[in-house]
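# Structure at a glance
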Amino acid sequence: MPTPDADARFGTRFRRGLRTHRWAIAIVVFAVGLLLSVLAIGYWTPLNAVEPFTTINGATGPTGGANYNLVFVVLGPIIAIVGAYLVGAYLVARRKFEHLMLTKSKAEFLRNIPELEDLLWELTPADEVRYDEKRTELKVRR
């Protein structure tokens, strides 16, 4: 008998995968944005005479046809800003979630349920399981 994940549609599995690997995706987006920004800086500043950039600029510069460095100037900072936002949002959500999950008081937990459920949108499915376990531990009904 196939598992429930095998029966799920591609879109559902894809979204679950994105949520599961949110931290790694945020880091990769931020790193790509920084790389593109560094490549643009290496082409448009006096750093273009420094050795690693001379080789790279030969491949991305106008001598080979299209000047990809123009794309790097525009997309690099935009992708870096989006990646920085994704990293920051995840870290803030993770810190708040961990703080709220450490409570031993049922009353405090009940007060923070709306905030916890909002934070779960930013976190992984494993955190939803931890949240459900904490609810059963404190005997909180749905």
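Attention here is on the structure that accompanies the text. Position labels on residues start from 1 in each chain and follow its written sequence. Side-chain atom pairs in this predicted model are given and counted only at pLDDT of 80 or more, local residue features only at pLDDT of at least 70, and totals for whole chains, interfaces and linings cover all residues. Only hydrogens and water are set aside when side-chain values are computed; all heavy atoms of the structure are taken into account.

This brings us to the nonpolar core. For this analysis, a nonpolar core means a set of buried residues of the types Ala, Val, Leu, Ile, Met, Phe, Trp, Tyr and Cys, connected via side-chain atoms within 4.5 Å. Using a 1.4 Å probe on the protein chains alone, a residue whose accessible area is under 20% of its type maximum counts as buried, one over 50% counts as exposed, and one in between counts as partly exposed. Phe97, Phe109, Leu116 and Tyr131 are the most contacted members of the largest nonpolar core, which totals 14 residues. The helix and strand labels rest on DSSP assignments: H or I over at least four residues marks a helix, E over at least two residues marks a strand, and numbering proceeds from the N terminus. Those elements that provide at least two residues to this core are helix 5 (69-101) and helix 7 (113-119). Of the residues forming this core, the biggest block, five residues, is contributed by helix 5. In what follows, a contact means two residues having at least one pair of non-hydrogen atoms within 4.5 Å. Those residues in contact with Leu116, other than ones at most four positions away along the chain, are Phe97, Leu100, Met101, Phe109 and Tyr131.

What follows covers a nonpolar patch on the surface. A surface patch of nonpolar side chains, amounting to about 910 Å² of accessible area, comprises Trp44, Leu70, Val71, Val73, Val74, Leu75, Ile78, Val82, Tyr85 and Leu86. With nine residues, helix 5 is the single largest residue contributor to the nonpolar patch. Summarising the element assignment, Trp44 is placed in helix 3 (residues 22-44). Patches here are clusters of residues that have more than 30% relative accessible area and form no salt bridge, with a 9 Å joining cutoff for like charges and a 5 Å cutoff for nonpolar side chains (Val, Leu, Ile, Met, Phe, Trp, Tyr). Note on areas: these come from Shrake-Rupley sampling with a 1.4 Å probe, and a residue is covered only by the protein chains present in the view. Think of a salt bridge as a Lys or Arg side-chain nitrogen and an Asp or Glu carboxyl oxygen that are within 4 Å of each other.

Glancing now at the pattern of salt bridges. Evaluated as defined, the whole model comprises six salt bridges. Between Arg94 and Glu98 there is a salt bridge, with its nearest N and O atoms 3.1 Å apart. Note that Arg94 and Glu98 are positioned in helix 5 at a spacing of four residues, about one turn of the helix. A relative accessible area of 18% means that Arg94 is categorised as buried. Residue Glu98 is classed as partly exposed on the basis of its relative accessible area of 27%. Glu117 is the partner of Arg135 in a salt bridge, and the nearest nitrogen-oxygen pair spans 3.4 Å.

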